[in-house]
Amino acid sequence: MKVDGLSKSFRLYHERNQSLKSTIMRGRRSVHEDFWALKDISFEVPTGSTFGLIGSNGSGKSTLLKCLAKIYYPEKGTITSRGRLAALLEVGSGFHPELSGRDNVFLNGSILGMSKKEITRKFDEIVDFSGVEQFIDQPVKNYSSGMYVRLGFAIAINVDPDVLVVDEVLAVGDAEFQEKCRLKFVDFKEAGKTVILVSHSMSTVQDMCDHAAWLNHGELVTAGEATPTISAYLDSLSFGGNL
Amino acid sequence: MRYLKEVLASRELLANLTLREIRGQYKRTVFGQLWSLVNPLATMLVYTIVFAFILRVTPPPGDPSGLNIFPVWLLCGLLPFTFFSASVQTGMGSILANAGLVQKVHFSRIVLPLSTVGSIGFNWLFEMGVLVAVLLICGAWVLPWLPFVLLMMVILAVFAAGLVLVLVIANVYFRDTQYFVGILMQIWIYMTPIIYPISLVEAQSARIGPLMGTNVTVLDIYRLNPMERFVAVFRNLLYDNRWPEVNDVLFCAVSAVAALAVGLWVFRRNEKGLAEAL
Ligand SMILES: Nc1ncnc2c1ncn2[C@@H]1O[C@H](COP(=O)(O)OP(=O)(O)O)[C@@H](O)[C@H]1O
Ligand SMILES: [Mg+2]
């Protein structure tokens, strides 16, 4: 996957008031500023690598992932990627609280582009990986956030993507689940698939990723091998050094 | 054309979302799907008392069916209109209602408004089934007309979907749209011959005569409303049991295709910005 000269801006409204009256009152001029959340980002994610994105809050990591996942469309630059992409951007995204875990697996699977046959075939595997068998017929509104993530992650990896994009969500899972994910990422790597993940835990990134990119205020600081990137990031922090 | 292909590729998701809405709708209610009948029945009761009993509106009897029952005559026009108005009003909120999904998952966004129209269409199908049973009991031989009724239902659904696609986008940018449309629908039902026969409008129009030296009459303007044609066609088929006017059917079909074309165009131009605008 290759990202080339990517820039993304948001409109910041001084008084966001989505009503007809305010638009008419304002006249043709709308009072907004362009805020560039990503500025001219270019890097390459080697196929088959596990790629970590690091940076402080608000540095644009989630925005970048959303551009990769085609939720936002960048103003400038291009993203070239090969194969199917699955994204897990937030805990329980795409779940319907009133429906059971089972119904949600089918619904979420089909939102992510799986056919019903495919989901039926993989259903046991999904439930098995998520470890929520006991509660699969309960409405998901009764799930804990850890269970949400487990089920969501289990579905996303079973989409059988060539590129898997994961935001900070894994931190919600317990140690056992994190270990499961780590093993899964190793499997992915062996199968020649790419994983792109965001984490604030440098030990996780160190453990799981072979490549990394560091974003700061929407700009790319460095990208490359994981270890030097992480140490450069840590050095830049005033309390740098302790993991 | 490529866009249509993309939409077609999401048809399984569309079916699943529609089923989700249908299943989720009356979950944890005792009467379930029967609730879908309560609204039209309550409206029918009120309108029948006010307009047939107090104001003494008398629609012409069904020709050739010979039916002369106000509530049944009313329902033949009311059910299509309530489908239309409910699907426009619910459908236009569908992107806002699923904001979480739109902001976090990539999929063909058009399935959201379309599945709403689909699920309300399912309720309508159920209501029309009950209406057909009532018509048969009242002695209208409606069975041979059913395939054509179904076709007209599809055309009306296309018309509604076209409007929904425009309004759902407008509603994301200007949240006033839904209140505005709410009022518009209240006016629209009275601008359509649903609770009164069109003959009353014809009589007034003839009395006033051509407008301002042109040969346009009040009736001509009144009949620009596509819902007037839809209601006329549904009544011809269900209540009168005869072929509708070719002109009316054409007017319906052309409005539906035009609405859908505009809807697809507007939706397609704006769908990429939806995740940020929410
Ligand atoms: N939809 C949006 N509208 C306006 N600003 C946004 C939007 N999404 C993100 N931003 C801004 O973009 C910047 C980067 O945010 P984000 O990508 O979420 O950071 P993080 O690296 O913590 O994930 C922040 O300053 C945030 O306020
Ligand atoms: Mg973030």
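See above for the structure.
This text gives an overview of the structure that appears in the document. (Residues numbered from 1 in each chain as written. Chains lettered and ligands numbered in written order. Predicted model: local features only at pLDDT ≥ 70, side-chain atom pairs only at ≥ 80, totals over all residues. Heavy atoms only, no water.)

Quick word on empty space enclosed by the protein
All names here are of chain A.
Argument step 1. Applying the stated criterion across every chain, the model contains one cavity of 30 Å³ or more.
Argument step 2. Its volume calculated, the largest cavity comes out at about 100 Å³.
Argument step 3. As for the largest cavity, its lining consists of 14 residues, and the residues nearest its centre are Ala-87, Leu-88, Ser-93, Asn-108 and Gly-152.
Argument step 4. In terms of residue count, helix 5 (residues 145-158) provides more of the lining of the largest cavity than any other element does, four residues in total.
Argument step 5. Counted by class, the lining of the largest cavity contains eight nonpolar, four polar and two charged residues. (1 Å grid on protein atoms, 1.4 Å probe; cavity = no way out; pocket = protein on both sides within 12 Å on 5 of 7 lines; lining within 4 Å. Points joined across faces, edges and corners; volume = space filled by probe spheres on them. Helix = DSSP H or I, 4+ residues; strand = E, 2+ residues; numbered from the N terminus. Nonpolar A, V, L, I, M, F, W, Y, C, P; charged D, E, K, R; others polar.)

Comments concerning the site of ligand 1
Residue and element names in this part refer to chain A.
Argument step 1. Lining the immediate environment of ligand 1, one finds 13 residues, of which Gly-58, Gly-60, Lys-61, Ser-62 and Thr-63 sit closest.
Argument step 2. Between ligand 1 and the protein, one listed contact pairs an oxygen atom with a backbone N or O atom of Gly-60 at 3.0 Å.
Argument step 3. Thr-63 has a polar side-chain atom sitting 2.5 Å from an oxygen atom of ligand 1.
Argument step 4. Within the complex, the protein chains bury 68% of what would otherwise be the 560 Å² of accessible surface of ligand 1.
Argument step 5. Listed by contribution, the elements that provide at least two residues to the shell around ligand 1 are strand 1 (2-13), strand 2 (32-44) and helix 2 (61-68).
Argument step 6. With three residues, the single largest contributor to the shell around ligand 1 is helix 2.
Argument step 7. Residue composition of the shell around ligand 1, grouped by class: five nonpolar, seven polar and one charged. (Near = heavy atom within 4 Å. Polar contact = N/O pair within 3.5 Å; in protein donor to acceptor, adjacent residues only side chain to side chain. Areas by Shrake-Rupley, 256 points an atom, 1.4 Å probe, with all protein chains shown as cover.)

A look at the pattern of salt bridges
Residue and element names in this part refer to chain A.
Argument step 1. Scanning the entire structure with this criterion turns up 18 salt bridges over all chains.
Argument step 2. Across the pair Glu-118 and Arg-84 runs a salt bridge, and its minimum N-O distance is 3.5 Å. Of the two residues, Glu-118 is situated in helix 4 (residues 116-130) and Arg-84 in the loop between strand 4 (76-80) and strand 5 (85-88); the sequence distance between them amounts to 34 residues.
Argument step 3. The class of Arg-84 is partly exposed, set by a relative accessible area of 29%.
Argument step 4. Note that Lys-189 is salt-bridged to Asp-210, the shortest N-O span being 1.9 Å. (Salt bridge = Lys/Arg side-chain N within 4 Å of Asp/Glu carboxyl O. Buried < 20%, exposed > 50% of the residue type's maximum accessible area, 1.4 Å probe, protein only.)

Some points on the packing of aromatic side chains
Argument step 1. In the structure shown here, the tally under the stated rule is 21 aromatic pairs over all chains.
Argument step 2. With centroids separated by 5.7 Å and ring planes inclined at 25°, the aromatic side chains of Phe95(A) and Tyr148(A) adopt a geometry described as stacked. One end of the pair, Phe95(A), is in the loop between strand 5 and helix 3 (101-111); the other, Tyr148(A), is in helix 5, and 53 residues separate them in sequence. The two residues Phe95(A) and Tyr148(A) agree in class, both being buried.
Argument step 3. When the centroid spacing of 5.5 Å and the interplanar angle of 80° are considered together, the rings of Phe148(B) and Trp243(B) count as edge-to-face. (Phe/Tyr/Trp six-rings, centres within 6.5 Å; stacked < 30°, edge-to-face > 60°.)

Quick look at the interface of chain B and chain A
Argument step 1. With 24 residues of chain B in contact, the opposing surface of chain A contributes 29 residues.
Argument step 2. Interface of chain B and chain A: buried area, both sides summed, is about 2,400 Å²; carbon and sulfur atoms make up 58% of it.
Argument step 3. Of the charged contacts, one joins Glu276(B) and Lys8(A) as a salt bridge, the two residues approaching to 2.5 Å between their closest N and O atoms.
Argument step 4. Breaking the side of chain B that touches chain A down by element, the ones donating at least two residues are helix 2 (11-25), helix 6 (99-104), helix 8 (146-173) and helix 14 (274-277) of chain B. (Contact = heavy atoms within 4.5 Å. Buried area = accessible area lost by both parts, 1.4 Å probe.)

Regarding the sheet that holds strand 2 of chain A
All names here are of chain A.
Argument step 1. Strand order in the open sheet formed by three strands is 2-1-4, with antiparallel pairing between adjacent strands. Each of the sheet's edge strands pairs with one partner strand only, and the pair in question is strand 2 and strand 4. Strand-to-strand, the axes of this sheet are offset by a mean angle of 30°, without reference to chain direction.
Argument step 2. Pairing geometry for strand 1 and strand 4, over four bridges, is antiparallel. (Pairing = 2+ DSSP bridges. Axes fitted to C-alpha atoms, helices over the stretch in contact; angles between N-to-C directions.)

Observations concerning helix 4 (residues 70-91) of chain B
Counting along an α-helix, one turn takes 3.6 residues, and residues three or four places apart therefore face a common direction.
Residue and element names in this part refer to chain B.
Argument step 1. Over its 22 residues, helix 4 runs 31 Å from end to end, which matches the ideal 32 Å to within 8%, given 1.5 Å per residue.
Argument step 2. At Cys-76, helix 4 is bent by approximately 30°, the largest bend along its length, and proline Pro-80 sits one to four residues beyond.
Argument step 3. Of all 22 residues that make up helix 4, 17 are buried, and the element is covered over most of its length. (Expected span 1.5 Å × (residues − 1). Bend = angle between axes of the 7 residues up to and from the residue.)

Topic: the layout of surface pockets
Argument step 1. Estimates place the volume of the largest pocket at around 1,100 Å³.
Argument step 2. What lines the largest pocket is a set of 39 residues, and nearest its centre among them are Lys70(A), Glu6(B), His106(B), Phe107(B) and Ser108(B).
Argument step 3. Mapped by element, the contributors of at least two residues to the lining of the largest pocket are helix 2, strand 4, strand 5 and helix 3 of chain A together with helix 1 (2-9) and helix 2 of chain B.
Argument step 4. Among the elements that line the lining of the largest pocket, the one with the most residues is helix 1 of chain B, at four residues.
Argument step 5. Counted by class, the lining of the largest pocket contains 20 nonpolar, eight polar and 11 charged residues.
Argument step 6. Val117(B), Gly118(B), Val154(B), Ala157(B) and Val158(B) are, among the 22 residues lining the second largest pocket, the residues nearest its centre.
Argument step 7. At the level of elements, helix 1, helix 2, helix 7 (111-138), helix 8 and helix 13 (246-270) of chain B are the ones that each hand at least two residues to the lining of the second largest pocket.
Argument step 8. Here the lining of the second largest pocket takes seven residues from helix 7 of chain B, the largest share from any one element.
Argument step 9. Of the residues assigned to the lining of the second largest pocket, the class counts are 19 nonpolar, two polar and one charged.

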